[in-house]
Amino acid sequence: MPTIVFDIINLIGSLLRLLGVAALGVGIGYLVVDLFHKTQEWLMQAVLFLGLAGLVIAMAVFLAPGALGAFGLGFGAAIFMWGMPKKKKEEEEE
């Protein structure tokens, strides 16, 4: 009986880890892509790329493969969200 409870807790913990890493991927992805396009200096772009590559390498070593996949999905979603056209706010005249 106690093993069932521990299995359920482990499953919930794994799902929360996947959701958390996906949210981290969205946040870091949006930040990196936004900073990459705002800066005009190649040195800053190189630092952003190498920092992201180092983060992915560290995550590949220390995280489970599913968590790394969730990070990739979150990062991809951030790239798509950044590239979507932004809606302009219409000013209401009173």
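Residues numbered from 1 in each chain as written. Predicted model: local features only at pLDDT ≥ 70, side-chain atom pairs only at ≥ 80, totals over all residues. Heavy atoms only, no water.

What to know about the packing of helix 1 (residues 2–38) against helix 2 (residues 42–62)
Logical step 1: It is the contact of helix 1 with helix 2, at a shortest axis distance of 10 Å, that shows an interaxial angle of 165°. The orientation of helix 1 relative to helix 2 falls into the category roughly antiparallel. Considering only the axes of helix 1 and helix 2, their crossing is left-handed. Residues Val21, Ile28, Val32, Leu35 and Phe36 of helix 1 pack against Gln45, Leu48, Leu52, Leu55 and Met59 of helix 2. (Axes fitted to C-alpha atoms, helices over the stretch in contact; angles between N-to-C directions. Helix = DSSP H or I, 4+ residues; strand = E, 2+ residues; numbered from the N terminus. Parallel < 35°, antiparallel > 145°, perpendicular 65-115°, else oblique. Left-handed = near helix turned anticlockwise from the far one by under 90°. Contact = heavy atoms within 4.5 Å.)

Focus: helix 3 (residues 65–83)
Logical step 1: Under the 1.5 Å per step criterion, the end-to-end length of helix 3 is 27 Å for 19 residues, consistent within 8% with the ideal 27 Å.
Logical step 2: Those residues of helix 3 that sit buried are Ala67, Ala70, Phe71, Gly74, Phe75 and Ala78. Along the axis of helix 3, the buried residues cluster in a sector spanning 140°; they form a single face. Exposed residues pointing more than 90 degrees away from the buried face of helix 3 are listed as Pro65, Leu73, Phe80 and Gly83.
Logical step 3: Considering only its buried residues, helix 3 is in contact with helix 1 and helix 2. (Expected span 1.5 Å × (residues − 1). Buried < 20%, exposed > 50% of the residue type's maximum accessible area, 1.4 Å probe, protein only. Arc of directions from axis to C-beta.)

Topic: the confidence of the model for the protein
Where the model shows low pLDDT, its predicted coordinates should not be examined in detail.
Logical step 1: Confidence in the prediction of the protein, expressed as mean pLDDT, is 88, and 94% of residues score 70 or more.
Logical step 2: Element-level pLDDT for the protein is lowest in helix 3, with a mean of 89, against a maximum mean of 93 in helix 2. (pLDDT = per-residue confidence, 0-100.)

A look at the environment of Thr3
Logical step 1: Among the secondary structure elements, Thr3 is positioned in helix 1.
Logical step 2: Each C-alpha atom, one on Thr3 and one on Val26, is 35 Å from the other, the two residues being 23 residues apart in sequence.

Considerations on the nonpolar core
Logical step 1: Listed in full, the seven residues of the largest apolar core are Val21, Val32, Leu52, Met59, Ala67, Phe71 and Phe75.
Logical step 2: Contributing elements (two or more residues each) for this core: helix 1, helix 2 and helix 3.
Logical step 3: Of all the elements, helix 3 adds the most residues to this core, at three residues.
Logical step 4: Setting aside its immediate chain neighbours within four residues, Leu52 contacts Ile28, Val32, Phe71 and Phe75. (Core = buried A, V, L, I, M, F, W, Y, C linked by side-chain atoms within 4.5 Å.)

Some points on the packing of helix 2 against helix 3
When two helices pack together, their arrangement is given by the angle between the helix axes and the distance between those axes.
Logical step 1: Two elements in contact, helix 2 and helix 3, have axes whose closest approach is 10 Å; the angle formed by their N-to-C orientations is 150°. As judged from the angle between their axes, helix 2 and helix 3 are roughly antiparallel. Every residue of helix 3 that contacts helix 2 at Leu52, Leu55, Val56, Met59 and Ala60 is listed here: Leu68, Phe71 and Phe75.
Logical step 2: Tallied by class, residues from the contact of helix 2 with helix 3 come to eight nonpolar, no polar and no charged. (Nonpolar A, V, L, I, M, F, W, Y, C, P; charged D, E, K, R; others polar.)

Here we look at the pattern of salt bridges
Logical step 1: What the rule picks out here adds up to one salt bridge.
Logical step 2: A salt bridge links Lys38 to Asp34, with the shortest nitrogen-to-oxygen separation between them at 3.3 Å. Residue Lys38 and its partner Asp34 are located together in helix 1, separated by four residues, close to a single helical turn. (Salt bridge = Lys/Arg side-chain N within 4 Å of Asp/Glu carboxyl O.)

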